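Notes for the structure review
So you can see what is in the structure, the chains are spelled out below.
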Amino acid sequence: MRKTFLRATARMAALMATITLAACGNGNFKVEGTITEAADSMLYLENLALDGPQKVDSTRLTADGNFAFSHEAPTDAPEFYRLRIGQQIVNFAVDSVATVSVKASYPTMASNYSIEGGKDNDLIRELAYKQIQLQSLAGKILRAPELSARAVGDSVLAVVADYKKDVMNNYIYKDPSKASSYFALFQGIAVGNSYMMVFDPRRDIDDVKPYSAVATSWDVYHPNSLRGENLHNIAIEAMKTKRIVMAEQEGLSVDASKVSVAEIIDIVLDDNKRVTRRLTDLKGKVVLLDFHVFAAEGSMERIIRLRELYSKYHDRGFEIYQVSLDEDEHFWKTQTAALPWISVRDDGSATQAYLYQARTLPLDYIISRDNQVVLGPQQIKDMEADIAKYL
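Every value quoted in this text rests on a predicted model; they were computed, and no experiment measured them.

**Thoughts on the overall build of the protein chain**
When helices and strands are counted, the protein chain shows eleven helices and 19 strands. Burial statistics for the protein chain: of 391 residues in total, 49% are counted as buried.

See the structure below:
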């Protein structure tokens, strides 16, 4: 039944790239290469841990600039590292036992380097270059004598907004599961004496969406990873703060410990009766979020199985929110006319649906009564037992 979505609908190919992370395994990864014009300089290999950069190893470069480091490879999710000489930095990600090769010249190490050892590191390099250009543009605005302080602030925010739009559309939303998408979330620029995060849900609540997109993807491909959990925590705290501020603006006193938020990316689509249905409106129910193609082989057998589950557990608070990815709207309406659950169709315009990483279909998530994704496709082993456990 698991037909690739590319067979079911060609439009996904243009919107999502196939993940290319290599299988993780035990052992060490290597990072090696040459950095010229840096004789006698200390080169550091640092791990970009959640609590800040941590030194892993270092070496003093000789005249030829050759170096080689080896370190334990990650086993459950991509990990982030950087090579650093002074303030010149090369960022890269490692997802398995592999060799990463870097070539650069020290004076322009951060803005002009080559890297081999994973397609995703090319994207990280692109993002790093873009960040340098953004920093340069912000610096020009800060130094513009004709601008008032307010105009400077507004101009900086405007160029950051344009940068965010570019990065979200061309990197993060193209494939939230990539290490480069995670990397993009934590870029920033120096503004005067302070450091400004490009994506900051505490400042802009709309930034919760890219955080949630990457977090949900990491739930699927790197379940229970600390980085994925951290992304969820950032998004949740930002949403809580926003709700508290809104309540206080209305003159209400709110206990922060009692503020609940949805930990899912909302999907808003019309059902087969042209009624708009929001996934988050199902809070209080245990929901099977099901991505499905009715034109795919084996669809009828699977729908029969879902009917059995729905009939057995609906009275206990179970609901199905089924997203069809069929191209033929009339065919979809015909197939879903008699189904008792929520049936919506994504015609390619709903970005939210793509962020759930529907590369192979069918694809399922189990959502708890408090709007949290509790099981992703890789964690669902026995669908009925897993659903019953949360009812």
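**Here we look at the pairing of strand 11 (residues 194-197)**
The sheet contact formed by strand 10 (residues 188-191) and strand 11 spans four bridges and is antiparallel. Considered in strand 11, the bridge of Ala-190 is made with Tyr-195. Hairpin connection, strand 10 to strand 11: the antiparallel pair is bridged by two residues, and Gly-192 has positive phi, about 65 degrees.

**Topic: unusual backbone geometry**
Positioned with a positive phi, Glu-37 is a non-glycine residue whose angle comes to about 55 degrees. Tracing the backbone through its elements, the reader meets Glu-37 in the loop between strand 2 (28-36) and strand 3 (42-49). In this model, Asp-40 sits at a positive phi of 75 degrees, which is unusual for a non-glycine residue. As for its placement among the helices and strands, Asp-40 is situated in the loop between strand 2 and strand 3. Given a relative accessible area of 56%, Asp-40 falls into the exposed group.

**What about the packing of aromatic side chains?**
Here the structure, examined in full by the defined rule, presents ten aromatic pairs. Consider the rings of Phe-80 and Tyr-182, whose centres lie 5.1 Å apart with planes at 20 degrees: the pair is stacked. Taken together, the positions of Phe-80 in strand 6 (residues 79-85) and Tyr-182 in helix 5 (residues 179-185) put the pair 102 residues apart, joining distant regions of the chain. The pair Phe-80 / Tyr-182 is uniform in exposure class, with both members buried.

Definitions and limits used
- Residues numbered from 1 in each chain as written.
- Predicted model: local features only at pLDDT ≥ 70, side-chain atom pairs only at ≥ 80, totals over all residues.
- Heavy atoms only, no water.
- Helix = DSSP H or I, 4+ residues; strand = E, 2+ residues; numbered from the N terminus.
- Buried < 20%, exposed > 50% of the residue type's maximum accessible area, 1.4 Å probe, protein only.
- Pairing = 2+ DSSP bridges.
- Phe/Tyr/Trp six-rings, centres within 6.5 Å; stacked < 30°, edge-to-face > 60°.

Remember, this is a structural readout, not a statement about activity or role.
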